[in-house]
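Descriptive structure summary
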Amino acid sequence: MINPPVETPTPTPLTPTPPTPTPLVIPAYVHLKVHSAYSLLEGALPISKLAKLADAAGMPALALTDTNNMFGCLEFADKLADAGVQPITGISLAIDFQEHNKASALAAAKGLVHTAHPQRDGLIALYAMNERGYANLMKLASDAHLKTTDGQTPHIKISNLLEHTDGLIVLTGGPDGPINRPIVDGNVEVAAVRLKTLLAAFGDRLYIELQRHSTEPEALAEPHLLNLAYGEGLPIVATNECYFAKPDDHEAHDVLLCIAEGRYISEDDRRRVTPEHYF
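Residues numbered from 1 in each chain as written. Predicted model: local features only at pLDDT ≥ 70, side-chain atom pairs only at ≥ 80, totals over all residues. Heavy atoms only, no water.

Details of the overall build of the chain
As a reminder, the rule being used: The helix and strand labels rest on DSSP assignments: H or I over at least four residues marks a helix, E over at least two residues marks a strand, and numbering proceeds from the N terminus. Using a 1.4 Å probe on the protein chains alone, a residue whose accessible area is under 20% of its type maximum counts as buried, one over 50% counts as exposed, and one in between counts as partly exposed. A contact between two residues is defined here by any heavy atoms of the two lying within 4.5 Å. Note on areas: Shrake-Rupley with a 1.4 Å probe; residue coverage comes only from the protein chains shown.
If you tally the helices and strands in the chain, you get 9 helices and 7 strands. Out of the 279 residues belonging to the chain, those deemed buried represent 44%. Counting contacts in the chain only where the partners sit at least 6 residues apart, residues at least 24 apart contribute 77% of the total. Carbon and sulfur atoms form 59% of the exposed surface of the chain, whose accessible area is close to 14,900 Å².

A few points about the packing of helix α7 (residues 188–202) against helix α8 (residues 216–232)
Helix-helix packing: each pair is described by the crossing angle between the helix axes and the interaxial distance. Quick note on the threshold: Every axis in this analysis is a line fitted to C-alpha atoms, fitted for helices over the stretch in contact. Angles between the N-to-C directions lie between 0 and 180 degrees. When an angle is under 35 degrees it counts as roughly parallel; over 145 it counts as roughly antiparallel; between 65 and 115 it counts as roughly perpendicular; any other value is oblique. Each crossing is labelled by how the near helix is turned from the far one, with a counterclockwise turn of less than a right angle marking it left-handed and a clockwise turn marking it right-handed. Amino acid classes used here: Ala, Val, Leu, Ile, Met, Phe, Trp, Tyr, Cys and Pro are nonpolar; Asp, Glu, Lys and Arg are charged; the rest, including Gly, are polar.
It is at 11 Å that the axes of α7 and α8 come closest, and there the two elements cross at 40°. One element, α7, and the other, α8, form an angle in the oblique class. Here α7 and α8 pass one another in a crossing that is right-handed. Contacts between α7 and α8 involve Val188, Ala191, Ala192, Leu195, Lys196 and Leu199 from the former and His224, Leu228 and Glu232 from the latter. For the contact of α7 with α8, a count of residues per class yields 6 nonpolar, 1 polar and 2 charged.

Details of the nonpolar core
Operational definition: Within this scheme, the nonpolar core is defined by two criteria: the residues are buried Ala, Val, Leu, Ile, Met, Phe, Trp, Tyr or Cys, and they are joined through side-chain atoms within 4.5 Å.
Within the largest apolar cluster, 31 residues are counted, with the highest numbers of intra-cluster contacts made by Leu126, Leu161, Ile179, Leu198 and Phe202. Sorting the residues of this core by element identifies β2 (86–96), β3 (123–128), α4 (131–146), α5 (158–162), β5 (168–171), α7, β6 (206–210) and α8 as the ones contributing at least two each. With sequence-adjacent residues up to four places away left out, leucine 161 is seen in contact with Ile95, Ile124, Leu126, Leu140, Ile156, Leu198 and Phe202. Leu50, Ala54, Phe76 and Ala245 belong to the second-largest nonpolar core, a separate cluster that totals 15 residues.

Some words on a nonpolar patch on the surface
Worth spelling out the cut-off: Put simply, a patch holds well-exposed residues, over 30% relative accessible area, that have no salt bridge, with like charges counted together within 9 Å and Val, Leu, Ile, Met, Phe, Trp or Tyr side chains within 5 Å. Salt bridges are defined by distance alone: a side-chain nitrogen of Lys or Arg within 4 Å of a carboxyl oxygen of Asp or Glu.
Taken together, Leu40, Leu41, Phe71, Val255, Ile259 and Ile265 make up a surface patch of nonpolar side chains, about 600 Å² in accessible area. Relative to the assigned elements, isoleucine 259 resides in helix α9 (residues 250–261).

Observations concerning unusual backbone geometry
Although it is not a glycine, asparagine 68 sits at a positive phi angle of roughly 60°. Among the structural elements, asparagine 68 can be located in the loop between β1 (61–64) and α2 (73–82). Of note in the backbone geometry, serine 214 takes a positive phi value of approximately 60° without being a glycine.

Looking at the environment of threonine 172
Convention followed: Polar contacts, as counted here, are pairs of nitrogen or oxygen atoms within 3.5 Å of one another; within protein the pair requires one atom able to donate a hydrogen and one able to accept it, and residues that are adjacent in sequence qualify only if both atoms are side-chain atoms.
Structurally, the position occupied by threonine 172 is in the loop between β5 and α6 (180–184). Taking the C-alpha atoms as reference, threonine 172 lies 5.5 Å from glutamate 209; in sequence the two are 37 residues apart. Beyond its immediate stretch of four places on either side in the chain, threonine 172 contacts Leu123, Ile124, Gly177, Pro178, Ile179, Leu195, Leu206, Tyr207, Ile208 and Glu209. Within the structure, threonine 172 has its side chain in polar contact with the backbone nitrogen of glutamate 209 (distance 2.9 Å).

Considering the environment of alanine 37
Here alanine 37 is to be found in the segment before α1 (47–56). For the pair alanine 37 and aspartate 66, spaced 29 residues apart in the sequence, the C-alpha separation amounts to 8.3 Å. Apart from residues no more than four positions distant in its own chain, alanine 37 is found in contact with Gly43, Leu45 and Pro46.

Details of the pairing of β3
Quick reminder of the rule: One bridge is not enough; two strands pair if DSSP finds at least two bridges between them.
In terms of residue burial, β3 counts as a mostly covered element, since 5 of its 6 residues are buried. In terms of strand pairing, β2 meets β3 through 5 bridges, oriented antiparallel. Counted as the bridge partner of alanine 94 is leucine 123 from β3. Pairing of β3 with β5 involves 4 bridges; the strand directions are antiparallel. From the neighbouring strand, alanine 128 faces β5, where its bridge partner is leucine 168.

A short note on the packing of α1 against α2
With their axes 9 Å apart at the nearest point, α1 and α2 run at an angle of 35° to one another. Along this stretch, α1 crosses α2, giving a crossing that reads as right-handed. Note on element contacts: α2 touches α1 through Glu75, Phe76, Lys79 and Leu80, opposite Ile47, Ser48, Leu50 and Ala51. The class makeup of the residues in the contact of α1 with α2 is 5 nonpolar, 1 polar and 2 charged.

In structure tokens, the structure reads:
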């Protein structure tokens, strides 16, 4: 007897198992403009508190940019390392473009000088990206104090900065920076020339800095900063200038600024920051 042929069923195509989606990791915000209590009579954040604040906020790193000094860098590195937060060493350094830039000298002659934070032509933020950069930061910070004459606030000249660019990352400084100030004073050309000077020296290590503390100068400067960034192909970074821990500390910090300048709270024509300048 011959058995009938057995039909072999057509195999059902296997549906591939979709790969497990990789969870979307949202980078944590990192403060790049923090002023500790070592920003004398300006910052109100002890280094030990910065470590706790960064850890509580889940920040993987934190940058210290005290004004014209690196006094807190060693303590900052130790305290943040103990808290498991990567310390980024930096400085907010006053810079003088006058000797290097005829346009800025012309602006000064016309009286176009921004005085909200009287630190020469403005403050730029510099960060060490390696050992060479750290050495250059120390050199520049020292020169800011040792190469200024009596009666002058600490600052460096642009020619000095251009001699020590290795291993440094630079931000344009925000509202108190040498790029924002001429824009607010109505001289975008000066800002453009200064930016080209920094770009030639730092290349892709230069960043246009934007801040939003709900102030008029910031709103005025932002579209021009964006135009400069797009025109030169420069990256943009958002920062928040931190002077105190929380908004409730603003009033006490305002008193600190008055003490620093020998002014009264009731005076209107003095330096102020906003409640938004908090960690």
